[in-house]
There are 2 protein chains.
Amino acid sequence: MDNEEGAKLIDVAKLAECSPATVSRVLNGNPTVNRGVRERVIRAAAELRYVPNGSARALRSTRTRLVGAIIPTLDHAIYATMVDALQARLAEKGVSLILNTSTYDIDLEYEQAKLLVERGAEAVLLVGAEHRPQTLAMLEQKRVAYVFTYTSTATDAGAAVGFDNEKAGRAAARYLLDLGHTRLGMIAGITQDNDRAKGRRDGFLRELAKAGIDAASVPVAEGAYKIENGRSSMKMLMASSPRPTAVFCGSDILAAGAIKYCVEAGLAVPKDISIIGFDNLEIAVLTAPELTTLEVPARDMGRLAADYILASPLQRRHLRERELPISLVVRGSTGPGRAN
Amino acid sequence: MDNEEGAKLIDVAKLAECSPATVSRVLNGNPTVNRGVRERVIRAAAELRYVPNGSARALRSTRTRLVGAIIPTLDHAIYATMVDALQARLAEKGVSLILNTSTYDIDLEYEQAKLLVERGAEAVLLVGAEHRPQTLAMLEQKRVAYVFTYTSTATDAGAAVGFDNEKAGRAAARYLLDLGHTRLGMIAGITQDNDRAKGRRDGFLRELAKAGIDAASVPVAEGAYKIENGRSSMKMLMASSPRPTAVFCGSDILAAGAIKYCVEAGLAVPKDISIIGFDNLEIAVLTAPELTTLEVPARDMGRLAADYILASPLQRRHLRERELPISLVVRGSTGPGRAN
DNA sequence: CTGTTAGCGCATTCAT
DNA sequence: ATGAATGCGCTAACAG
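Everything in this summary refers to the structure shown in the same document. (Residues numbered from 1 in each chain as written. Chains lettered and ligands numbered in written order. Predicted model: local features only at pLDDT ≥ 70, side-chain atom pairs only at ≥ 80, totals over all residues. Heavy atoms only, no water.)

**A few points about the relation of the copies chain B and chain A**
Selection rule: Copy-to-copy alignment: least squares on C-alpha atoms, limited to residues at pLDDT 70 or above in both. Here a residue-residue contact requires only that any non-hydrogen atoms of the pair lie within 4.5 Å.
For these two chains of identical sequence, chain B goes onto chain A by a turn of 180 degrees and a shift of 0.1 Å along the axis, with RMSD 0.2 Å. This pairing of chains is accounted for by a two-fold axis. Both copies contact each other with a shared surface, as 98% of the interface residues of chain B are interface residues in chain A too.

Structure follows, in structure tokens:
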């Protein structure tokens, strides 16, 4: 009965010659326990290699110290980085993270949210603001806090830590317009069920429209975030007429593919064609020329989402709807548009 | 008492006019329940929006359907990809993944493993074979299965799904040697507490030694997996004399930085200097020239580790120690060494 | 400051 | 095929 499967709290109590309740108090950092007893308990627990049973704890206390996150994929570095920061911050406070990837499928997201609720997640991180209504309804009914990331619009019940994708799209357009470009194109991510990609595209087109450039005249390609899709999309755009002199890509990955195509096709970047990316991934410095891009604060979003989750319900009121700045990182892939 | 916080199993039983035991049977797919009753239960559960309490279930049944993974960091795409595959496979079977990043710190890894055991993880995925003895001892004592990845050496109690890093290092050396290079260098990852990085380095040096090249004459730089470290390490290597004509990098990230330095310094790749990477990340095609590299089967490791975890204890015996092949992907960054 | 009592929600005996 | 009873391991009241 010593080196069996595992000692329980009551075994610790016996060895420390006190009641289970006292052991529980020590374990939970309750300060109203005498030094001497506390030390005996700690020693007994160590001796028995006692590991608390989280399920029992959770059942009794209704606190699981479990948080969930549902992201589209870990294959995109921007999400991986956000999760990395989220996890690090949560771990500091002894909170564990259950991770799910939805592969951009909001129906699958619903299933995963349900499982998270079952597991007792006390809060859930979601990406974007576009979700099945029943997903949010369930979270709300079960009193599970949720935070949107990559967006700055919260709901009544949820918070948001992110940025305004529409504004970001407009910023890209404005920058290119200011450089004198008048023939623009875009390689967006896949916009279906994806408010971030849609927001960026719409913002981009809207700003162009304000400058008198009809959206219908702006070629927009769509592709999953793969270098190869950036390449093939760029090829398409360059075949449209009149040919764009500047292209906004919904991700640095796409932009890298786009530049790759230009190199192959003998198009000079930025002389013949300006390319601006999105994310500011580490790889933005690998292309030649290096990528001008809009920086997404992935790590900050992860950390701040964690802060929101870790905050008390009271503090949370002050943390809802946190809009982070998007900054333009100018490198070599953009240049002046030629006068028409 | 209807749209309160949440219905419990007993509420479902009442509405379905049966006993809690029967509801439990239906929920767990026990086939010994009459069609009619089963359907009533299912309807009642749906109507009440019943969500089972995982903690209670786990406490009672000692099955949590929770699995843990401790990886060094999500900032390295190779781990992110592995976790992505792992999670996808586990999710198919309704198993949730608790993710922790150890930042390459095996003491922190121990703490995280302990927390995973507390949470009731039924299995844990670990990276590499180098861990604190107490980490594995704890897992074994608590009967938590574990799988090593990125290595092919299992322990008595644990499994391994991965490849032989030493062999991979030797393969890189052999390839460069066969190209005729005699002055070699290496940019390794950080080898402290890291058997993968060490294995690659040692294998590389050993193969060179076999070819009569003294390890002491081979400059080896170390750096975390950042482009900038690849750049600065390459600068150092190029300053050593005699200058290497071929460099093996412990990651494509380092290799990309190394190429970056060469471009800046006016060194032609592969004419003046051959560079071989490791991982075959998506970015391997972004450098100019594209990277010759050894491909790490990240996605396969995640999927196969999941298969191991999901297998029954019996089946597991057949799945221990799975060595996956490492393949060389030849692109443009390597070329023949000049005759001395 | 510490012990006693009770029960969290469910799955599992054991009956029937 | 179904129901009644029991207790998983722990923490929260409440005493003392």
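**A look at the sheet that holds strand S6 (residues 184–188) of chain B**
Residue and element names in this part refer to chain B. For the record, the criterion: Should DSSP find at least two bridges between two strands, the strands are taken to pair. Under the DSSP-based scheme used, a helix requires at least four consecutive residues in state H or I and a strand at least two consecutive residues in state E, with every element numbered from the N terminus. Here, axes are lines fitted to C-alpha atoms. For helices the fit covers the stretch in contact, and angles between N-to-C directions go from 0 to 180 degrees.
Strand order across the open sheet formed by six strands is S7-S6-S8-S9-S10-S12, with mixed pairing between neighbours. Only two strands of the sheet have a single neighbouring strand rather than two, namely strand S7 (220–222) and strand S12 (327–329). Each strand of the sheet is rotated relative to its neighbour by a mean of 20 degrees, with strand direction disregarded. Note: S6 against S7, three bridges, orientation parallel. Bridge assignment links Met-186 to a residue of S7, and that residue is Val-220. Relative to S6, helix H10 (residues 227–239) is tilted by about 155 degrees, and along the sheet it contacts S6, S7, strand S8 (246–249) and strand S9 (274–279).

**Topic: the pairing of strand S4 (residues 145–149) of chain B**
Residues and elements named next belong to chain B. Put simply, the rule is: Buried means the residue's accessible area, taken with a 1.4 Å probe over protein chains only, is under 20% of the maximum for its type, while exposed means over 50%, and partly exposed covers the values in between. Seen with its strands pointing away from the viewer, a crossover is right-handed when the path leading from the first strand over the helix to the second is clockwise.
Counting buried residues along S4, five of its five residues qualify, which places the element largely inside the surrounding structure. Here strand S3 (residues 123–127) runs beside S4; their pairing, made up of five bridges, is parallel. Each bridged residue has a counterpart across the sheet, and for Leu-125 the counterpart in S4 is Val-147. What joins S3 to S4 is helix H7 (residues 133–141), and the crossover it makes is right-handed. Judged from the three bridges that link them, S4 and strand S5 (residues 159–162) form a sheet pairing that is parallel.

**A few points about the pattern of salt bridges**
Put simply, the rule reads: The working definition used for a salt bridge is a side-chain nitrogen of Lys or Arg within 4 Å of a carboxyl oxygen of Asp or Glu.
Applying the stated criterion across every chain yields a total of 44 salt bridges over all chains. For the salt bridge of Asp-202 of chain A with Arg-201 of chain A, the shortest nitrogen-to-oxygen distance reads 3.1 Å. For Asp-202 of chain A, a relative accessible area of 23% gives the class partly exposed. A salt bridge links Arg-174 of chain B to Glu-207 of chain B, with the shortest nitrogen-to-oxygen separation between them at 3.0 Å. Linking Arg-174 of chain B in helix H8 (residues 165–178) with Glu-207 of chain B in helix H9 (residues 195–210), this pair joins segments that are 33 residues apart in sequence. On the accessibility criterion, Arg-174 of chain B (32% relative accessible area) is partly exposed. Among the charged side chains, a salt-bridge network with shared partners connects Arg-174, Asp-178, Glu-207 and Lys-210 of chain A.

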